Amino acid sequence: MDREHVYATMNGEGSLDYEVYLNTKALLSCQKDFAAFCNHDELQFQTVHQVEELWMKLIGYTLLDVDDYLQQENTNRVVTLFRRVHIALRLMIEQLALLETMSPKEYQEIRLQLGNGSGQESPGFRTILKMPAHLWQSFRTHYLDRHALTVEKIYNSEYSHSDAYMVAEALAEFDELFQRFRFCHVQLIQRTIGLGAKSLKGRPVDRLMEGQRVMFFPELWDVRSQMTDQWGGRYGVVRDSIGAH
Ligand code: HEM
């Protein structure tokens, strides 16, 4: 195959309606020129990061709508839009695996191109991190307080698989998937530069483990432990063998 010819046609003319609507000319110019890549893994590295930024933009935008619908107690909309957020997060997690096809040495070559850039500077990530507190406030006000409900009631003493429960589970799934993204990202780092390394900001990489343990909605996780303790109180800490009866 004629590599130069493929390079020349890859970005298109930008004049067909498909190209105009999707702004492919600008989109396909967001990566370095082919000649400027330091190796054959760098296009993948830039593309995965750029695609992940787009998913985070979509997630942040969708969570704004989720917050509006929480305030309207429109559960169907909340659940549907959370499904969109969950799918986008799963895609973000899956896409990290692409970068595991890059050897540690090839990443070291790319790393020399990155200045002191850090994923912590990601605009999408920083925006999303600020949103859960607002979502929780809206959930608490409109689904719990206004109906004299608590997390304990919707999960246990008044459990009816209610709207409040469905929304709480959608919040929990968001929390779980975000944690999973952070976990898989740490695994990717372990595979690529090792956890004993320092980031391009000079910070120990293993500090990311702290972020990985952050829970946006601790009440939704605590209730499960409280239920286990409470239900387990019927038999104490360790149960008799069921074979003994
Ligand atoms: C080989 C691939 C990658 C390596 C070696 C890597 C490495 C790192 C390192 C060392 C940090 C810590 C930075 C600091 O302390 O300032 C970091 C943070 C971060 N990176 Fe990556 N990264 C990779 C891929 C990605 C990808 C594909 C994304 C896509 C969104 C991403 C998003 C982030 C985010 C959001 C943070 C902040 C995480 C947090 O605070 O929990 N990284 N990355």
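What counts, and where the lines are drawn
- Residues numbered from 1 in each chain as written.
- Predicted model: local features only at pLDDT ≥ 70, side-chain atom pairs only at ≥ 80, totals over all residues.
- Heavy atoms only, no water.
- Helix = DSSP H or I, 4+ residues; strand = E, 2+ residues; numbered from the N terminus.
- Buried < 20%, exposed > 50% of the residue type's maximum accessible area, 1.4 Å probe, protein only.
- Contact = heavy atoms within 4.5 Å.
- Areas by Shrake-Rupley, 256 points an atom, 1.4 Å probe, with all protein chains shown as cover.
- Lys, Arg positive; Asp, Glu negative; His and termini not counted.
- Charge placed at Lys NZ, Arg CZ, Asp CG, Glu CD.
- Patch = residues over 30% accessible without salt bridge, like charges linked within 9 Å, V, L, I, M, F, W, Y side chains within 5 Å.
- Salt bridge = Lys/Arg side-chain N within 4 Å of Asp/Glu carboxyl O.
- Donors = N, O, S within 2.8 Å, 3.2 Å for Na, K, Ca; no water.
- Near = heavy atom within 4 Å.
- Polar contact = N/O pair within 3.5 Å; in protein donor to acceptor, adjacent residues only side chain to side chain.
- 1 Å grid on protein atoms, 1.4 Å probe; cavity = no way out; pocket = protein on both sides within 12 Å on 5 of 7 lines; lining within 4 Å.
- Sits in = over half its atoms within 2 Å of the grid points.
- Nonpolar A, V, L, I, M, F, W, Y, C, P; charged D, E, K, R; others polar.

Draft legend 1. View of the overall build of the protein. Of regular secondary structure, the protein possesses 12 helices and zero strands. For the protein, the sequential pattern of α-helices and β-strands runs α-α-α-α-α-α-α-α-α-α-α-α. Principal axes of the C-alpha set define a box for the protein whose edges measure 75 × 45 × 35 Å. Evaluated residue by residue, the protein yields a buried proportion of 33% over its 245 residues. Relative to all contacts within the protein whose residues are 6 or more apart in sequence, the contacts with residues 24 or more apart total 71%. Of the roughly 15400 Å² that the protein leaves accessible, carbon and sulfur atoms contribute 55%. Separation of charge centres in the protein, based on 26 positive and 33 negative side chains, amounts to 4 Å.

Draft legend 2. The arrangement of a nonpolar patch on the surface in detail. Where nonpolar side chains cluster on the molecular surface, the patch consists of Tyr 18, Tyr 21 and Leu 22 and spans about 430 Å² of accessible area. With respect to the helices and strands, the residue Tyr 18 is situated in helix α2 (residues 17-22).

Draft legend 3. Summary view of the coordination of the iron atom of the ligand. Protein coordination of the iron atom of the ligand is limited to a single donor, His 185 (NE2), which sits 2.1 Å from the metal. Among the structural elements, His 185 can be located in helix α10 (residues 163-192).

Draft legend 4. Spatial organisation of the site of the ligand. Contacts to the ligand come from 24 residues, most closely from Ser 118, Gln 120, Arg 182, His 185 and Arg 203. Between Gln 120 and the ligand, the recorded distance is 3.1 Å, taken from a side-chain N or O atom to an oxygen atom. When each cavity is represented as a set of grid points, the ligand is found to reside in the largest pocket. Secondary-structure elements contributing two or more residues to the shell around the ligand are α4 (42-71) and α10. In terms of residue class, the shell around the ligand is built from 13 nonpolar, seven polar and four charged.

What is shown is where atoms sit, not what they do.
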